[in-house]
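Given next are the chains, with one letter for each unit.
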Amino acid sequence: MVKCSVFISGIIFRRGLSTSTSTIYALSTAPGRAALGVIRLSGPRSKRILQRLTRSAKPFPPRTASLRRLYAPTVTTSSLASEILDDALTLFFPAPKSYTGEDVVELHVHGGRAVINAVMDAVRAYGREPEDDKLARESGEVGAPVRYADPGEFTRRAYANFRMDLTEVEGVGGMIDAETEMQRVAAISAAGGYMRRLYNSWQAELLEISALMAAIIDFSEEGYFDTSGSLFHDSIANTSKLLYSIQKHSYQIERAEILLSGVKLALLGPPNAGKSSLLNLLARRDAAIVSTTPGTTRDIVEIGLEIGGYKVVLTDTAGLRLASVVGDVEAQGIVRAKKASAEADVVIAVIPAVMEDPEWHKVVKDELLTLQEIGVDNILNNYSLDPMPSPQKIIIVALNKTDMLQDPERELPVLVSQISKELNISEDRIFPISCTEGEGVDKLMQDLVKSFEGLADLGSDAPIGASLRVQEIIRNDVVPSLQRFLEHAQGDDVVFASEEIRYAAEAIGRITGETTAIEDVLGVVFSRFCVGK
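Residues numbered from 1 in each chain as written. Predicted model: local features only at pLDDT ≥ 70, side-chain atom pairs only at ≥ 80, totals over all residues. Heavy atoms only, no water.

Peer 1: Just to check I follow, could you spell out the overall build of the protein for this structure?
Peer 2: Along its length, the protein carries 17 helices and 14 strands. Put simply, the protein has 533 residues, and 49% of those count as buried. Relative to all contacts within the protein whose residues are 6 or more apart in sequence, the contacts with residues 24 or more apart total 68%. If you sum the accessible surface of the protein, you get close to 25700 Å²; carbon and sulfur atoms cover 52% of it. (Helix = DSSP H or I, 4+ residues; strand = E, 2+ residues; numbered from the N terminus. Buried < 20%, exposed > 50% of the residue type's maximum accessible area, 1.4 Å probe, protein only. Contact = heavy atoms within 4.5 Å. Areas by Shrake-Rupley, 256 points an atom, 1.4 Å probe, with all protein chains shown as cover.)

Take a look at the structure:
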């Protein structure tokens, strides 16, 4: 087992050899008025503080919830009630089988601010009694033996005591920050140890390859390396397979990042087509102003929402029409609409099925021609307006206002076929809807979810979440080292090839934290944690 020193907030944590004598505490639930509040303690004095809080010398069964009365260390009045802090649910987790690897206590108290403050004051007071101060002086500890935890310090101690590696630490952070189902699924794969096991398997393979290369060097004669034998060819073959697996993993992370950071979804179409109405239906609230007056939306309206477990950044844009009939403000809105659509991952072209015109066939055709005149046909086909278009952009047509058709069963198939030909879009990507009646919107949303799945190219696999730190190590260190190994190996340069394998193994060690050169990454990993975690 690797042991390394970790410097955190003025304290040296030695992985695998925890010597900290301080006990930390914090409110682990959100502050404010609530039904319950959870106060967590970790450290050697946790059990003693629990005994004093409960005035009980009875043993606390490990990992078993028990209802105990908590008492204050000092009495302010002669009333017995002033001694009582709360009736709390208490749990004791003895080391090393706890979250932090130390003795851990959880106090589930009522969530009133006064109750929580009184209990935490008592925790601090019980931890500063004379015998504890003597213990602190004898151990050489600087500072209070019981103190309020720094942000993320519970998880830092878990890392220092080998309860988790850095990928699991980042997974815990991802679980806390998760806003959608897909983000939760991605985070739990890391927090549950999947990433650790995968990266450890890579490192084990690299160690085997490194051993093969070392054998070639050790058994060389007078600097001559035998590169014709099976050992050398096995090393090259195994490295090639591993490189392919790592590059595939990196690709999956990049594709899943689209879903985890938020799919960019833009609404595009002519004025008064119902874009804002559709936005309100998707958002399930009145997020945009709806009016029968053309040109109501003149700027970008952007909201965040969840569709089918996916985080979505939905953008409503100004209606597209000829510049000759709009003012300067609306013209700027149209320019922004084109830009937003060009940058989107998915575009919904909202087109009205009918307007208040007896010759609705002509009206729809004229609207499609108008879209083509201002370049919407380019936006709807490969997005040539953007010099660097987004790859695999998905286009969906929402054929709105179908409730205004006189004979929908007869008219809709004809209209869908016409739009398909005009915009060169498959008929199965055209969805007749009515924002007024709510018809067809559920089917549209189902197709959106399928489109989101296709964006990440996940298939039946769950999304893989990885921090930017991990992505950069894989992309900038691991993959280039393995590529250089293959280049050196093909040139029979055994020594340099062996060094590249070692560099790749060290880089993977930086991902998991199983390396002595880890201090520089810890601040980045733990900086975003909340107090009490």
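Peer 1: Help me understand empty space enclosed by the protein in this model?
Peer 2: Rolled over the atoms, a probe with the dimensions of a water molecule shows which regions are left empty. Scanning all chains against the criterion turns up 1 cavity of 30 Å³ or more. Lining the largest cavity are Ser250, Ile253, Glu254, Gln471, Ile474 and Arg475. For the lining of the largest cavity, the secondary-structure elements that each account for two or more residues are helix H8 (230–261) and helix H15 (468–490). Across the lining of the largest cavity, the residue classes break down as 2 nonpolar, 2 polar and 2 charged. (1 Å grid on protein atoms, 1.4 Å probe; cavity = no way out; pocket = protein on both sides within 12 Å on 5 of 7 lines; lining within 4 Å. Points joined across faces, edges and corners; volume = space filled by probe spheres on them. Nonpolar A, V, L, I, M, F, W, Y, C, P; charged D, E, K, R; others polar.)

Peer 1: Can you walk me through helix H1 (residues 46–54) in this structure?
Peer 2: Note that an α-helix has 3.6 residues per turn; residues three or four places apart therefore point the same way. Three or more residues of H1 are buried, namely Ser46, Ile49, Leu50, Arg52, Leu53 and Thr54. Arg55 lies just past H1 and shows a positive phi near 50°.

Peer 1: What's the story with the pattern of salt bridges in this structure? I'm lost.
Peer 2: A side chain with one charge may pair with a side chain of the opposite charge, provided their charged atoms come close. The full count for this structure, using the stated rule, is 18 salt bridges. A salt bridge links Arg69 to Asp87; the nearest nitrogen and oxygen atoms lie 2.8 Å apart. Of this pair, Arg69 sits in strand S5 (residues 66–71) while Asp87 sits in strand S6 (residues 84–93); the two residues are 18 residues apart in sequence, bridging distant segments of the chain. Classification of Arg69 as partly exposed rests on a relative accessible area of 37%. Across the pair Arg469 and Glu170 runs a salt bridge, and its minimum N-O distance is 2.9 Å. In this pair, Arg469 sits in helix H15 while Glu170 sits in helix H5 (residues 166–177), placing the two residues 299 residues apart along the sequence. The burial state of Arg469 is the same as that of Glu170; both residues are buried. Through salt bridges that share partners, Glu102, Arg147, Glu153 and Arg157 make up one connected network. (Salt bridge = Lys/Arg side-chain N within 4 Å of Asp/Glu carboxyl O.)

Peer 1: How should I be thinking about the pairing of strand S10 (residues 301–307) in this particular structure?
Peer 2: Across a regular strand the side chains alternate sides, sitting on one face of the sheet and then on the other. By the bridge criterion, 7 bridges tie S10 to strand S11 (residues 310–316) in an arrangement that is antiparallel. Across the sheet, residue Glu306 finds its bridge partner in S11, namely Lys311. Between S10 and S11, which follow one another and run antiparallel, lie 2 residues, and Gly308 among them has a positive phi close to 60°. (Pairing = 2+ DSSP bridges.)

Peer 1: I'm lost on the environment of Glu343 in this one. Help?
Peer 2: Mapped onto the elements of the fold, Glu343 is located in helix H10 (residues 328–343). Overall, Glu343 belongs to the partly exposed group, its relative accessible area being 36%. Taking the C-alpha atoms as reference points, Glu343 and Leu265, separated by 78 residues in sequence, lie 9.2 Å from one another.

Peer 1: Can you walk me through the sheet that holds strand S3 (residues 23–27) in this structure?
Peer 2: Sheet strands pair via backbone hydrogen bonds, and the direction of the pair is either parallel or antiparallel. The sheet built from 6 strands is open, its strands ordered S5-S6-S7-S4-S3-S8 with mixed pairing. In this open sheet, the two edge strands, each paired with only one partner strand, are S5 and strand S8 (146–148). Between one strand axis and the next, the sheet turns through 30° on average, direction left out of account. Of the pairings in the sheet, the one linking strand S4 (residues 36–42) to strand S7 (residues 104–110) comprises 7 bridges and is antiparallel in character. Among the inter-strand pairings, Ser42 is bridged to a residue of S7, identified as Val104. Strands S3, S4, S5, S6, S7 and S8 of the sheet are contacted by H1, whose axis makes an angle of about 75° with S5. On the sheet, helix H2 (residues 113–126) packs against S3, S4, S5, S6, S7 and S8 and is oriented at approximately 150° with respect to S7. (Axes fitted to C-alpha atoms, helices over the stretch in contact; angles between N-to-C directions.)

Peer 1: Please explain the side chain of Ser451 as it appears in this structure.
Peer 2: Structurally, Ser451 is set in helix H14 (residues 441–456). Using a relative accessible area of 4% as the deciding quantity, one classes Ser451 as buried. A polar side-chain atom of Ser451 sits 2.9 Å from a polar atom in the side chain of Arg429. Excluding its chain neighbours within four sequence positions, the residues that come into contact with Ser451 are Ile394, Ile396 and Arg429. (Polar contact = N/O pair within 3.5 Å; in protein donor to acceptor, adjacent residues only side chain to side chain.)

Peer 1: What exactly am I supposed to notice about helix H13 (residues 408–423) here?
Peer 2: With 16 residues, H13 ought to run about 22 Å at 1.5 Å a step, and its terminal C-alpha atoms sit 21 Å apart, in line with that. Considered for burial, the residues of H13 that qualify are Glu411, Leu412, Leu415, Val416, Ile419, Ser420 and Leu423. For H13, the angular spread of buried residues about the axis comes to 160°, placing them on one side. Residues of H13 that are exposed and point over 90 degrees away from its buried face: Arg410 and Lys421. (Expected span 1.5 Å × (residues − 1). Arc of directions from axis to C-beta.)

Peer 1: Help me understand unusual backbone geometry, please; the structure alone is not making it clear to me.
Peer 2: The phi angle of most residues is negative, glycine excepted, and most peptide bonds adopt the trans form. At the junction of Ala95 and Pro96, the peptide bond is cis and its omega measures out at 5° in the coordinates. By secondary structure assignment, the location of Pro96 is in the loop between S6 and S7. Of note, the phi angle at Arg55 is positive, near 50°, even though the residue is not glycine. When you line up the elements, Arg55 lands in the loop between H1 and S5. The backbone phi angle of Lys401 is positive, close to 65°, even though this residue is not glycine.

Peer 1: Even after reading the chapter, I still don't get the packing of H1 against H2, so can you show me in this structure?
Peer 2: The geometry of H1 relative to H2 is characterised by a closest axis approach of 10 Å and an angle of 120° between their N-to-C directions. What the angle tells us is that H1 and H2 run oblique. For the pair H1 and H2, the crossing hand works out as right-handed. Note on element contacts: H2 touches H1 through Ala122, Val123 and Tyr126, opposite Ile49, Arg52 and Leu53. Here the residues of the contact of H1 with H2 are counted per class, giving 5 nonpolar, no polar and 1 charged. (Parallel < 35°, antiparallel > 145°, perpendicular 65-115°, else oblique. Left-handed = near helix turned anticlockwise from the far one by under 90°.)

Peer 1: Quick question: what am I supposed to make of the environment of Thr100 here?
Peer 2: Here Thr100 lies in the loop between S6 and S7. Here Thr100 falls in the buried class, since its relative accessible area comes to 1%. Once the C-alpha coordinates of Thr100 and Ala160 are considered, the two residues, 60 residues apart in sequence, prove to be 8.4 Å apart. Excluding residues within four positions of it along the chain, Thr100 makes contact with Ser42, Phe154, Arg157, Ala158, Asn161 and Arg163.

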